[in-house]
Amino acid sequence: MPLLELKGVDAFYGNIQALRGVSITVEKGEIVTLLGSNGAGKTTTLRTIAGVMRPRKGTVTFDGKDLAPVPADQIVRLGIAHSPEGRRIFPRLTVRENLELGAYARQGADLRHDFERVFTLFPRLRERIGQRAGTLSGGEQQMLAIARALMAHPSVLLLDEPSMGLAPVLVELVFQTIKDINDQGTTVLLVEQNALMALSIADRGYVLQTGRVVLADTAEALARNEMVRKAYLGES
Ligand SMILES: Nc1ncnc2c1ncn2[C@@H]1O[C@H](COP(=O)(O)OP(=O)(O)OP(=O)(O)O)[C@@H](O)[C@H]1O
Ligand SMILES: [Mg+2]
């Protein structure tokens, strides 16, 4: 049984259909990437898994459990953490407070170990712990968004464009960190515009086009695929 499975999912914003029969599986321990151009439905797919949006048709199951009746905050408790597009951190709260909010579903838990883990992954955040998040650089805010999602102890981490707007050296760091997080046992579903980097760390991937899955394969095969190379790896 896959850890996470979408079957025939249709999703809408009002009358606009964003997903059309999307079927995706993620196995425990994998890094799976969703590729696709602007408006393809990548963010909507993650939002539908996180329960921020609900499918009009089709199902989302986690560990065999249908998520349809499960409220979004309970979905976090089940082990699915979502680091949304555009670094939705709380700018007026400190780095520490943002991280504590990431662990809100684990009330009473001893968070020392979790702080240590995210500070080992992102030493920069340790130096900034008392600083208001809104004063961090863009790259630091992106790290904080990932770190905050990790504080929920997820078994699956949904990452939406973690490298967006980052300088190349930070992009490397973020992708290496995603790999480390995965090596430590967290399953990852990764949405990226940076297809080359995403495919370099992923096990498998899906290509979305106007709300449909048009390709599904191993990361290696996708990186060699002519359509992928032309559309997403900038080859002519
Ligand atoms: N809040 C919204 N209201 C109406 N339509 C929306 C909304 N958000 C997204 N859409 C539409 O749904 C479709 C899928 O959008 P989505 O954000 O999932 O794409 P995406 O693949 O994440 O794109 P990007 O790479 O630009 O982030 C698009 O046609 C988009 O215009
Ligand atoms: Mg998006």
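The shown structure was predicted, so the numbers you read here are calculated from the model rather than taken from an experiment.

Caption draft 1: Main features of the nonpolar core. Counting residues in hydrophobic clusters, the biggest one holds 66 residues, and the most contacted among them are Ile80, Leu144, Ala147, Leu158 and Leu190. At 7 residues, the largest contribution of residues to this core is made by helix α6 (residues 138-150). Leave out the neighbours within four places in its chain, and Leu190 touches Ile31, Thr33, Leu159, Ile178, Ala198 and Ala202.

Caption draft 2: Geometry of the pairing of strand β9 (residues 204-209). Summarising burial for β9: 5 of the 6 residues are buried, a large majority. Pairing geometry for strand β3 (residues 31-35) and β9, over 4 bridges, is parallel. The residue of β9 that forms the bridge with Leu34 is Tyr206.

Caption draft 3: Here's a closer look at the site of ligand 1. Close contacts around ligand 1 come from Tyr13, Ile16, Ala18, Gly36, Asn38, Gly39, Ala40, Gly41, Lys42, Thr43, Thr44 and Glu85, and that covers them all. Those elements that provide at least two residues to the shell around ligand 1 are β2 (16-26) and α1 (42-50). Considering every element that reaches the shell around ligand 1, the biggest residue donor is α1, with 3 residues. Grouping the amino acids of the shell around ligand 1 by side-chain chemistry returns 4 nonpolar, 6 polar and 2 charged.

Caption draft 4: Highlighting the packing of helix α3 (residues 95-102) against α6. Interhelical geometry of α3 versus α6 gives an angle of 35° and a closest axis separation of 7 Å. Between α3 and α6 the crossing geometry is right-handed. In this structure, α3 uses Val95, Asn98, Leu99, Leu101 and Gly102 to contact α6, whose residues at the interface are Leu144, Ala147, Arg148 and Ala149. Split by residue class, the contact of α3 with α6 holds 6 nonpolar, 2 polar and 1 charged.

Caption draft 5: Fine view of the sheet that holds strand β6 (residues 80-83). The strand order across the open sheet built from 6 strands is β6-β7-β8-β3-β9-β10, with neighbouring strands paired in mixed fashion. The sheet is open, and its two edges are formed by β6 and β10 (212-218), each paired on a single side. In this sheet, neighbouring strand axes are inclined to one another by 15° on average, regardless of whether the strands run parallel or antiparallel. Where β3 lies against strand β8 (residues 187-191), 4 bridges are found, and the strand directions are parallel. Across the sheet, Ile31 pairs through a bridge with Val188, a residue of β8. Against the sheet, α1 touches β3, β6, β7 (156-160), β8 and β9, its axis set at about 150° to β7. Across the sheet, helix α7 (residues 168-183) lies against β3, β7 and β8, angled at about 155° from β8, the strand it touches most.

Caption draft 6: Local environment of the environment of His82. Relative to the helices and strands, His82 resides in strand β6. Overall, the presence of 24 C-beta atoms within 10 Å leaves His82 in the buried class. Counting along the chain gives 90 residues from His82 to Glu172, while the straight-line C-alpha distance between them is 21 Å. Beyond its immediate sequence surroundings of up to four residues, His82 is in contact with Leu46, Ala50, Ala149 and Leu158.

Definitions and limits used
- Residues numbered from 1 in each chain as written.
- Chains lettered and ligands numbered in written order.
- Predicted model: local features only at pLDDT ≥ 70, side-chain atom pairs only at ≥ 80, totals over all residues.
- Core = buried A, V, L, I, M, F, W, Y, C linked by C-beta atoms within 7 Å.
- Buried ≥ 20, exposed ≤ 12 C-beta atoms within 10 Å, placed from the backbone.
- Helix = DSSP H or I, 4+ residues; strand = E, 2+ residues; numbered from the N terminus.
- Contact = placed C-beta atoms within 7 Å.
- Pairing = 2+ DSSP bridges.
- Near = placed C-beta within 6 Å.
- Nonpolar A, V, L, I, M, F, W, Y, C, P; charged D, E, K, R; others polar.
- Axes fitted to C-alpha atoms, helices over the stretch in contact; angles between N-to-C directions.
- Left-handed = near helix turned anticlockwise from the far one by under 90°.

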